[in-house]
Amino acid sequence: MGNGTSIGRVRGLGSAHEGAHHWLVQRFTAIGNLVLMVWLLASFILLPDMSYGTVSEWLSAPIPAAAMVLLIISIFWHARLGLQVLIEDYLHEAGTKFAALAALNLTAIAGSVFGIFCVARLALGGAA
């Protein structure tokens, strides 16, 4: 396969074909975050006041609730993708890398589920 040089050891192995997908998904989530954050800020500006009752009433409508859920998913997904790259680049021991990626995934899932639960609770009228 090779003569022991660096290029000889990797020649013929091909690329992993995962970097471009990861990069594209991170850009798509960034664009989604931008669009949804502009929508959120514009919606807040158009509200008559920022009281709890006004915001919870606004969020109980289907379109704002669905957009907030999309924003929560997009933000946590984007953060997970970016932090995954940092972990893969700067942690070199396999066990430490695995533990950090597992903690990252659990944190991202837990945060997004909590956010979606909060929006669903407000949207369905179960404010405490």
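Summarised in this report is the structure supplied together with it. This one's a predicted model, so the numbers in the text were calculated from it and none came from an experiment.

### Notes on the overall build of the protein
Looking only at helices and strands, the protein has five helices and zero strands in total. Written out in order from the N terminus, the α and β elements of the protein read α-α-α-α-α. The buried share among the 128 residues of the protein stands at 23%. Residue pairs at least 24 apart in sequence account for 65% of intrachain contacts in the protein once pairs closer than 6 positions are excluded. Approximately 8900 Å² of the protein is accessible, and the part contributed by carbon and sulfur atoms is 73%.

### Quick look at the side chain of Gln26
When you line up the elements, Gln26 lands in helix H2 (residues 19-46). When its relative accessible area of 16% is taken as the criterion, Gln26 is described as buried. Apart from the residues within four sequence positions on either side, Gln26 is in contact with His78, Leu81 and Gly82.

### Description of a nonpolar patch on the surface
Together, Trp23, Leu24, Phe28, Ile31 and Val35 give the surface a local cluster of nonpolar side chains, amounting to about 540 Å² of exposed area. Judged by relative accessible area, which is 52%, Val35 ranks as exposed.

### Here we look at the nonpolar core
Counting 12 residues, the largest nonpolar core is built from Leu36, Leu40, Leu47, Val55, Trp58, Leu59, Ala65, Ala67, Met68, Leu71, Ile72 and Val119. Not counting residues up to four positions away in its chain, the partners in contact with Trp58 are Trp39, Leu40, Ser43, Phe44, Leu47 and Pro64.

### Section: the packing of aromatic side chains
A full pass over the atoms with the stated rule returns two aromatic pairs. Taken together through their ring pairs, the aromatic side chains of Trp39, Phe44 and Trp58 make up a single cluster.

### Some remarks on helix H5 (residues 94-123)
The end-to-end C-alpha distance of H5 is 43 Å, a good match for the 44 Å that 30 residues give at a rise of 1.5 Å each. Here H5 has its buried residues at Leu104, Ala108, Ser112, Gly115 and Val119. Those residues of H5 that are buried lie in contact with helix H4 (62-90). Positive phi appears at Gly125, one or two residues downstream of H5, with a value of about 85 degrees.

### Structural notes on the environment of Leu59
For Leu59, the location among the structural elements is in helix H3 (residues 52-59). On a C-alpha basis, the gap between Leu59 and Gly125 in space is 9.7 Å, while along the polypeptide they are 66 residues apart. The contact partners of Leu59, leaving out residues within four places of it in the chain, are Pro64, Ala65, Met68, Leu122 and Ala123.

### Thoughts on the packing of H4 against H5
Between H4 and H5, the shortest axis-to-axis distance is 10 Å and the interhelical angle comes to 170 degrees. With respect to H5, the element H4 is oriented roughly antiparallel. Taking contact as the criterion, the partners of Ala65, Met68, Val69, Ile72, Ile73, Phe76, Arg80, Leu83, Gln84, Ile87 and Glu88 in H4 are, on H5, Lys97, Ala100, Leu101, Leu104, Asn105, Ala108, Gly111, Ser112, Gly115, Ile116, Val119 and Ala123. Classifying every residue of the contact of H4 with H5 by side-chain character gives 15 nonpolar, five polar and three charged.

Analysis parameters
Residues numbered from 1 in each chain as written. Predicted model: local features only at pLDDT ≥ 70, side-chain atom pairs only at ≥ 80, totals over all residues. Heavy atoms only, no water. Helix = DSSP H or I, 4+ residues; strand = E, 2+ residues; numbered from the N terminus. Buried < 20%, exposed > 50% of the residue type's maximum accessible area, 1.4 Å probe, protein only. Contact = heavy atoms within 4.5 Å. Areas by Shrake-Rupley, 256 points an atom, 1.4 Å probe, with all protein chains shown as cover. Patch = residues over 30% accessible without salt bridge, like charges linked within 9 Å, V, L, I, M, F, W, Y side chains within 5 Å. Salt bridge = Lys/Arg side-chain N within 4 Å of Asp/Glu carboxyl O. Core = buried A, V, L, I, M, F, W, Y, C linked by side-chain atoms within 4.5 Å. Phe/Tyr/Trp six-rings, centres within 6.5 Å; stacked < 30°, edge-to-face > 60°. Expected span 1.5 Å × (residues − 1). Axes fitted to C-alpha atoms, helices over the stretch in contact; angles between N-to-C directions. Parallel < 35°, antiparallel > 145°, perpendicular 65-115°, else oblique. Nonpolar A, V, L, I, M, F, W, Y, C, P; charged D, E, K, R; others polar.

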